[in-house]
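Commentary on secondary and tertiary structure
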Amino acid sequence: MQEIGILGAGLIGASWATFFAAQGLNVRIYDVNESVKEQAREQSIQNLKRLADLELLSREEATTAEERLNVVDSLADLLTDVEYVQESVIEDYDIKADVYRQFEQYAPKTAILGSSSSGLLMTRMQAVMQHPGRALIAHPFNPPHLIPLVELVPGDQTAAETMETVKAFFLGLGKHPVVLNREVPGHIANRLAAAVWRESLALLDAGVASVEDIDAALCQGPGLRWALMGQHMIYELGGGAGGYQKFIDTIGASFEAYWQDMEHWTSIPESAKEKAVSGTQVYLKQKSPSEWAAWRDEKLARIQQILREEH
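Residues numbered from 1 in each chain as written. Predicted model: local features only at pLDDT ≥ 70, side-chain atom pairs only at ≥ 80, totals over all residues. Heavy atoms only, no water.

**Some points on the overall build of the chain**
Across its full length, the chain carries 15 helices and eight strands. Relative to the compact-globule value of 19 Å for 311 residues, the chain shows a C-alpha radius of gyration of 21 Å, a close match. Sorting the 311 residues of the chain into buried and exposed places 40% on the buried side. The long-range share in the chain, meaning contacts at least 24 apart out of those at least 6 apart in sequence, stands at 68%. Of the roughly 17100 Å² that the chain leaves accessible, carbon and sulfur atoms contribute 54%. Looking at the chain, you have 27 positive and 43 negative side-chain charges, and the mean spots of the two groups are 2 Å apart. (Helix = DSSP H or I, 4+ residues; strand = E, 2+ residues; numbered from the N terminus. Rg over C-alpha atoms; globule rule 2.2 N^0.38 Å. Buried < 20%, exposed > 50% of the residue type's maximum accessible area, 1.4 Å probe, protein only. Contact = heavy atoms within 4.5 Å. Areas by Shrake-Rupley, 256 points an atom, 1.4 Å probe, with all protein chains shown as cover. Lys, Arg positive; Asp, Glu negative; His and termini not counted. Charge placed at Lys NZ, Arg CZ, Asp CG, Glu CD.)

**Focus on the nonpolar core**
Grouped together as the largest cluster of nonpolar side chains are 33 residues, with contacts concentrated most on F20, Y84 and F170. Secondary structure elements with two or more residues in this core: β1 (3-7), α1 (11-22), β2 (26-30), α2 (34-53), α3 (59-66), β6 (135-140), β7 (149-154) and α7 (160-172). It is α1 that contributes the most residues to this core, six residues altogether. Once you skip the residues sitting within four places of it in the chain, F170 turns out to touch W16, F19, F20, Y84, Q86, A138, V150, L152, K175 and P177. (Core = buried A, V, L, I, M, F, W, Y, C linked by side-chain atoms within 4.5 Å.)

**What to know about the environment of G221**
Mapped onto the elements of the fold, G221 is located in the loop between α9 (211-219) and α10 (222-226). For the pair G221 and I12, spaced 209 residues apart in sequence, the C-alpha separation works out to 29 Å.

Given below as structure tokens:
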């Protein structure tokens, strides 16, 4: 697949455009908001230059990639002869339904539609399509042009061939696709993040520690291991010679005590919200949001380089 459509050109759409162009693909960008799609191209160009600064692309490669970014004037222009579309429009079932109907009106019958949706269900979104087998969730982690994860989630009518094709496609581009056997709200990564976030807010709300120290406890401990392996493998090693079975049998009871003591919120209390928002001001005294983003991207690039060397 060489002809890629970016449908919805906000923060995520622009990052996707950067990724695909950097991989040598022709990218068309469309958004109903004229200024948004123009900004998306400019943001993608800046991202490409930043990739060159980080030595993830050469200067020549970044310049060539810029030439592959094309803003189009209509949905018809976006979809004519397209092979794969990455949809990143607003998280609303009605809006996506309208987009999916138009996709089928203009796109070739062989084109595949991947949605960046972070929590909506593909079964419901593809229900309006005449050929729903070619639609799936392809959810990235932000920013998509730097983080390799993409979660592939089928709807009830998604064809197995579509899942296999898109997995192979992303593998070929250097992404790390994970495949869900069935859909759940939030997929995998955001559900895990939601569990950690809730407990982070609960600890803050209970006065156990500050925002800065709670974040540090994650970054300076579990976060370092999470860059290398997931929780199951971490605890396999944590069990020593007895492996995961020993870990569960000997330490599992301690975790049961933690779970019983944890909050089970289904909404964020106002008190926790206020403490979280005010607590993050500590960070903003050190760097502006844009400086933090640049710092993040540089560190992510260096981590990716290390991990690629290991493989």
